[in-house]
Amino acid sequence: MIESNYVSELTFAGVDSKAGFEKAKQSGSKGIIDEITASGLRGCGGAGFPTGLKLTFMTKEQADPKYVICNADEGEPGTFKDREILTNHPEVVFTGMAIAGNAISAQKGIFYIRAEYEYMKKHLEEAIAKCKEFTGFDIEIRSGAGAYVCGEETALIESLEGKRGEPRNRPPFPIQNGYLGKPSEVNNVETFAWMTTIMTKGAKWFKDAGTEQSPGYKIFSISGDCNRPGVYEFPMGTTINEMLKAVDGMGAKAVQMGGASGQTVPASQFDRKIAFEDAPPGGSIMVFGPKRNMLDVAENFLEFFVEESCGQCTPCRKGNVQLLEAVRKMKAGKCCGADCECLDKLYSLAETMRLASKCGLGQTSSNAFVAITEHFADEIKCGGKK
Amino acid sequence: MADIKLTIDKQEISVPEGTTILKAAEKLGIKIPTLCYHEDLCISGSCRMCVVEIEGMRTLQASCAYPVAAGMVVHTNTTKVRNARTNILQLMLSEHYGDCYTCKKNMNCELQTLAGQYGIDVFKFGRPEKKVEKCTCGCDEHSEDNRHFGDCDAPIQFDRDKCILCERCVRSCTQFQDIGVLGKEGRSNETKITSFDDLPFDEVNCINCGQCANRCPTGALTERDDTDAVWKAIEDPKKHVVIQTAPAPRAGIGECFGLEPGNPLTFQMNTAIRNMGFDKVFDTNFTADLTIIEEGTELIIRLYKALVEKDATAKLPQFTSCSPGWIKYIEHFYPDMLDHLSSAKSPQQMFGAVIKTYYAKKFDIDPANIVSVALMPCTAKKFECDRPEMRDSGFKDVDYGLTTRELAKMIKEQGMDLPKLPKSDFDDPFGSATGSGVIFAATGGVMEAAIRTVYELVTGDKIESLFDKANIIAVRGFEGVKYAELPITKVGPVPEIVAHLVPNWDWLKGATLKVAIAHGTANAKKILEDIKAGGKFSECHFIEFMACPGGCLGGGGQPIPTSPEIRRKRAKAIYDEDMAYNVRKSHENPAVLELYTKFLTEGPCGHKSHELLHTSYTPRGKYIK
């Protein structure tokens, strides 16, 4: 029996945003940054950059205006935790943006939402208005046009500026040269929500959970071959086995951590911890049951990347096409197998994509291909040479 | 700015903050391979050929875009880097239709060169099939081997199958020239370089400047090849084929024969052209001098009308009209300012009109049998000579415009090594030219030539009394926008050549002539916007505009590659050549003076001049119906 749309109890439900903001306001810029830094909060968009450090960098930028930008371009396949947060706890997010604005002396917030979530616009505008009553912080909603790559912060900024959504060269980073050339603090929806939560409950409460390098809690969208897919909150450091138990997905042969661009973890490694230092969390977990054909999974992911590469840099534009063609050959039994030269050639290509692509998209899009062909080599239909 | 110390390939170096790794490595003599990078353009960082390894970093970084940091340790050539570059090259080859033998850019292709350097011996990731793009002009010729984007006759040709999406063309068009005809459409594997709505180049506001083609690393963007038609004319015994050669190509053509930029081959080129079978070779400088007389006279008339007669129809500042890219630019983007343009034709078109009238009559040749060819540094000249209004001789005034690259190709086809040829002079009756005509090739050159002439005509003094050796340094150089003032402290008697126009010069006494110069349309735009806003340039009397960076010497038809350094060297060659002339002022050109006594007897801007040497313009606007 599959229980759909399950949502575990989220800490955000019990957060008094107004109280959190008032506490932040009293603490002042330094107080906020000290509290966030002490909590050890790391960016929830996937890369896990220490949030306190980013805020500190922002305070050092002498420019006016500065922008607080919330990245709600939740486009990673299998990821829908931000949707849940925005549907039920939007004020925690917008208050977090106001807190960040206070910490870095920014007067304006921009909420960049993926085109597919536009149905929420009215609901979000109401929440923004409600928060503004006590924060006084101005937030504008801006919508993307459907490109996955605009979840990459510099492509997001290009899109905000009305340009083609393509990643920029880094450095300079958005904190130096962001929206309209001004310093911009870009964070994920959940990161802002945790900022409000931490200001309410204190850094210690957050720091006490999780692991040394990955403190606190994390929200996950979990889908795939399990009986209780939905949105879950786990403390960091939870093992994959524990997670599978919670979602009733025992017997899985692999899980995909952090969406299509994340890591494929085979069953033999299910004792790994969900933490930045082990199995990086991202925002989603996909469960692949015993009957799942892993090459189908690789093909599906690569089709996605071939569709969503921005086309700017050579390794990503052409590399994903090569990998997709290869997977299709493997499925059709036209590849000569796991230990042949063509796989060496493809691994070398995957390495080039990982090392030389311009942004995170191309740098990660070959991950699943490599992991699946390594861990599930027996699923490659051999063309004969083997 | 402070200097930053770093290590590249075990060598220590100190460079100013903000320097890229690519530039720092260059200082050490390490050449990192690049493709999308171009000296003239903003950084793209998209091709990824220039990746290097930086110690402590997870991924490789594009050295063209990555600024140095203190203590950074960079490796430019490790197995990791080499593998990445080889794979990237292979990926480019998987999307590039690389039929090198049949490619116009064979032997001058950066992708080909890199493939050679990296020892590419197999197509690891395959190679594309020949795609057939249907020719929008509806012809059958251009279907298989010669695929076109847009009109077959458009001066700029685009073969998308050879495009590797380095975006140099987009940056040339959009950022460098500030025009914005080229852009990208689609994404991922479907990304393509395109015009608005994929319309042919002649249906969008392309000015044909060819700066895109001049920077394209492959054979995707090239100029229309008119060499076959010219060969055919040469071989036709009934045809009398003449060529005029502009000053910029002679300063650049040596580069097509392995010479360093800045080695002019003017007189060797004359020999080559004769060997090829042209009947006459003329110097466009003749009509450059003629342009100065006509345009200078027009300026005097305008000034007189505006300042003395208070005639509101006489629009100041007067804009130069020699650059066909600039003409099409203003027709598209500032159609309401066409009144400012001098009505004088460009030197190319003046020559065309004179050849099929004066020259034909003088030598008793039926103008219908004259084929008039123009060697130009320019792709827009192809469009210019095709303009319907350019038929004042009763025939197409100029039949073919060849670029420097096309002539170089013809010379090679003829089996000649240009630098080794003996020298020979231009043909009469247009043989004699002046240094003023030569400097038309560089930005500021038209202005300098005009000042030399106008100042002497008005004051009766020698220009050398004001500028040492007649070199007007203030209007030279590659600064985007230049401005200069010339006080007229005394006036002389009105010389005979303009005596029919003004009673005296008294009205100019004590005046200050204000002039400005812009090269590249991005700079032109700055001046035009300033004039619109009533800024300082609206008070100018005369402004020189050239569509291309550096002026004609940086034209879209010049040898590839181009860079600020190459253009500087070409400019030096131009100014050196000016110094070598005995006559360096247009109004002292004896052949020009003879034309006025024997043919254009009503003098500059007279009836016949207007008929043959002047033109009108078409307000085109930004939207093409």
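Residues numbered from 1 in each chain as written. Chains lettered and ligands numbered in written order. Predicted model: local features only at pLDDT ≥ 70, side-chain atom pairs only at ≥ 80, totals over all residues. Heavy atoms only, no water.

Engineer: Outline the environment of Gly557(B), listing residues and values.
Structural biologist: Residue and element names in this part refer to chain B. Along the polypeptide, glycine 557 turns up in the loop between β17 (542-546) and α17 (564-580). Since its relative accessible area comes to 0%, glycine 557 is described here as buried. Along the primary structure glycine 557 and proline 16 are separated by 541 residues, whereas in three dimensions their C-alpha atoms are 36 Å apart. Those residues in contact with glycine 557, other than ones at most four positions away along the chain, are Asn214, Pro377, Cys378, Thr379, Thr403, Thr404 and Arg405. (Helix = DSSP H or I, 4+ residues; strand = E, 2+ residues; numbered from the N terminus. Buried < 20%, exposed > 50% of the residue type's maximum accessible area, 1.4 Å probe, protein only. Contact = heavy atoms within 4.5 Å.)

Engineer: Describe the interface of chain B and chain A, and please don't skip the residues or the numbers.
Structural biologist: Residue-level contacts link 35 residues of chain B with 33 residues of chain A. Both sides of the chain B and chain A interface together cover about 2800 Å² of buried area, and 50% of this is carbon and sulfur. Broken down residue by residue, the surface that chain B buries against chain A is led by Leu91(B), Arg187(B) and Ser188(B), which jointly contribute 23%. Across the pair Arg317(A) and Glu95(B) runs a salt bridge, and its minimum N-O distance is 2.6 Å. Viewed at the interface, chain A and chain B are joined by 20 residue pairs in polar contact (both at pLDDT 80 or more). (Buried area = accessible area lost by both parts, 1.4 Å probe. Salt bridge = Lys/Arg side-chain N within 4 Å of Asp/Glu carboxyl O. Polar contact = N/O pair within 3.5 Å; in protein donor to acceptor, adjacent residues only side chain to side chain.)

Engineer: Any details on the sheet that holds strand β4 (residues 138-143) of chain A? Residues and values, ideally.
Structural biologist: All names here are of chain A. Sheet architecture is open: four strands sit in the order β4-β3-β2-β5, paired in parallel fashion. Two strands lie at the open edges of the sheet, namely β4 and β5 (184-188), each paired on one side alone. Sheet twist, expressed as the average angle between the axes of neighbouring strands with direction ignored, equals 20°. When strand β3 (residues 108-113) meets β4, the two strands line up parallel, connected through six bridges. Of the residues in β4, the one forming a bridge with tyrosine 112 is arginine 142. Packing of helix α4 (residues 90-104) onto the sheet brings it into contact with β2 (67-72), β3, β4 and β5, and relative to β2 it is tilted by some 150°. (Pairing = 2+ DSSP bridges. Axes fitted to C-alpha atoms, helices over the stretch in contact; angles between N-to-C directions.)

Engineer: How would you summarise the packing of aromatic side chains if you had to cite specific residues and measurements?
Structural biologist: In this description, an aromatic ring pair is defined by two values, namely the gap between the centres and the angle between the planes. Counted under the stated rule, the structure contains 38 aromatic pairs over all chains. Each ring, one from Trp194(A) and one from Tyr217(A), has its centre 6.2 Å from the other, and the planes form 20°; the classification is stacked. Here Trp194(A), found in helix α7 (residues 189-201), pairs with Tyr217(A), found in strand β6 (residues 217-224); they are 23 residues apart in sequence, far enough to count as distant. Where Phe351(B) meets Phe430(B), the ring centres are 5.0 Å apart and the plane angle is 85°; that geometry is what we call edge-to-face. A residue pair is termed long-range when its members are at least 10 positions apart, and Phe351(B) in helix α11 (residues 347-362) and Phe430(B) in the loop between α13 (404-413) and α14 (435-438) qualify at 79 residues. Under the relative-accessibility criterion, Phe430(B) is labelled buried at 0%. Connected via pairs of aromatic rings, a cluster forms that spans Phe282(B), Phe286(B), Phe351(B), Tyr358(B), Tyr359(B), Phe363(B), Phe430(B) and Phe599(B). (Phe/Tyr/Trp six-rings, centres within 6.5 Å; stacked < 30°, edge-to-face > 60°.)

In short, shape yes, function no, at least from these values alone.
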